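What follows is the residue order along each chain.
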Amino acid sequence: MTDSRFQSPFAWKTPGEFPPILDEEVPPHIPLLEKYKIPYIVDIHTHIFPEHVMKLIWRWFDSVNWAIAYRQDALERMAALKRNKVLQYTTLNYAHKPGMASWLNDWTFENFSRWEGSIPFGTFFPEPEAFDYVRKAVEEYQFKGFKLHCEVGRYDLNAKEFAPTFEYLEKNLIPIVIHTGNAPKKGKFTGIAFFKDLMQRYPKLKVIVAHMGADEILEYTKLLSRYENLSLDTTMVFVDFLATGMETEQAVPLLEIHQDQIYFGSDFPNIPYNLSHPILNLLNLPITDSAKRKILYENGKRLLAD
Ligand SMILES: [Zn+2]
């Protein structure tokens, strides 16, 4: 069978040379964890949707020849996380239309306890009911955070319908993973300009910018010293698949400088390579052992602790 990755419209570092897509019995990063004193990995950016929604999402990935390494049922996927020693991970999902976020949150709440190690995250949409179902997700469901996706949701972070929810999340220091960057697909409301406005309005908001804000990694990183609760996740940045832009080398020193404000993220299961690939790449970067340990483990563990 021809590898669909040959047909990808997104670039690969070395065209035609791909990292393995199947897990090895002992993934190659496992022996390194001990060396770096990393007891297990915390992944701040993993996705889980109801199966029928997941299948629709996979259909879109198929249309752009974006291979899905873990096209499996939920329990098999959770076993793969465990095999890779990812023992804490988020349940990110998001809505692309009104009236969807609330039932996604209900679905996550009803199911997450079946997935060992999962940390429940919810989502919301700019709609009048958002504040109520977000508060319910926090206070009744005990969700640890939320996810927004500006390209898929086609919303402006500065929409007035968001205001009461952001105020509440800022006051309670609840993390929100936001896909606000232009990569892999630019949207009407993606990019640093919208994001800067949001941070100006809510300077204490605990935001984790997905994909380090690619393709504007340097611009997003500049905000880290100004906003102490702001951080970035490494999702799909230090990999051989260049869907999030070409700036990987430039971004390496930023990991060292901002090691307290960076989290490891993978985008599992929708990745066109095995989960060991981004972990191994991070562990092999020319940064200090302490930065590696913080990014892959300590920062996430602290964020998700009770
Ligand atoms: Zn994602």
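Here the structure is a predicted model, which is why all the values come from computation and not from measurement. (Residues numbered from 1 in each chain as written. Predicted model: local features only at pLDDT ≥ 70, side-chain atom pairs only at ≥ 80, totals over all residues. Heavy atoms only, no water.)

Chemist: Would you mind going over the packing of aromatic side chains with me for this structure?
Modeler: Within the structure shown, the criterion is met by 25 aromatic pairs. Consider the rings of F6 and F18, whose centres lie 5.1 Å apart with planes at 80°: the pair is edge-to-face. Pair noted here: F6 is in the segment before helix 1 (30-35) and F18 is in the segment before helix 1, with a separation of 12 residues, a long-range link. Taken together, a centroid distance of 4.8 Å and an interplanar angle of 75° make the contact between W12 and F18 edge-to-face. A single burial state applies to W12 and to F18, both of which are buried. (Phe/Tyr/Trp six-rings, centres within 6.5 Å; stacked < 30°, edge-to-face > 60°. Helix = DSSP H or I, 4+ residues; strand = E, 2+ residues; numbered from the N terminus. Buried < 20%, exposed > 50% of the residue type's maximum accessible area, 1.4 Å probe, protein only.)

Chemist: When you look at the packing of helix 5 (residues 130-139) against helix 7 (residues 163-171) in this model, what are you seeing that I'm missing?
Modeler: The description of two helices packed together rests on the angle between their axes and the distance between the axes. Between helix 5 and helix 7, the shortest axis-to-axis distance is 8 Å and the interhelical angle comes to 25°. Classified by the interaxial angle, the pair formed by helix 5 and helix 7 is roughly parallel. Taken as a pair, helix 5 and helix 7 cross one another with a handedness that is right-handed. Taking contact as the criterion, the partners of A130, F131, V134, R135, V138 and E139 in helix 5 are, on helix 7, P164, T165, Y168 and L169. For the contact of helix 5 with helix 7, the per-class residue count stands at 7 nonpolar, 1 polar and 2 charged. (Axes fitted to C-alpha atoms, helices over the stretch in contact; angles between N-to-C directions. Parallel < 35°, antiparallel > 145°, perpendicular 65-115°, else oblique. Left-handed = near helix turned anticlockwise from the far one by under 90°. Contact = heavy atoms within 4.5 Å. Nonpolar A, V, L, I, M, F, W, Y, C, P; charged D, E, K, R; others polar.)

Chemist: Would you mind showing me how to read the packing of helix 11 (residues 276-283) against helix 12 (residues 289-304) here?
Modeler: Two elements in contact, helix 11 and helix 12, have axes whose closest approach is 10 Å; the angle formed by their N-to-C orientations is 150°. Considering the angle they form, helix 11 stands roughly antiparallel to helix 12. Between helix 11, through I279, L282 and L283, and helix 12, the contact on the second element is made entirely by K292, I295 and L296. Classifying every residue of the contact of helix 11 with helix 12 by side-chain character gives 5 nonpolar, no polar and 1 charged.

Chemist: Mind showing me how you'd approach the nonpolar core here?
Modeler: Note that soluble globular proteins tend to have their nonpolar side chains buried in a common cluster. Counting 110 residues, the largest nonpolar core has F124, F166 and F195 as the members making the most contacts within it. Here the element with the most residues in this core is helix 12; it accounts for 6 residues. Beyond its immediate sequence surroundings of up to four residues, F195 is in contact with L157, T180, V207, V209, Y220, L223 and L230. (Core = buried A, V, L, I, M, F, W, Y, C linked by side-chain atoms within 4.5 Å.)

Chemist: How do you make sense of helix 8 (residues 192-201) when you look at a structure like this?
Modeler: Owing to its 3.6 residues per turn, the α-helix aligns residues three or four sequence positions apart on the same side. For helix 8, the set of buried residues is I192, F195, L198 and M199. The buried residues of helix 8 all sit within an arc of 120° when viewed along its axis, so they share a single face. Exposed residues lying more than 90 degrees from the buried face of helix 8 are A193 and Q200. As for helix 8, its buried residues are in contact with helix 7, strand 6 (176-179), strand 7 (207-209) and helix 9 (217-222). (Arc of directions from axis to C-beta.)

These figures come from the coordinates and say nothing about function on their own.
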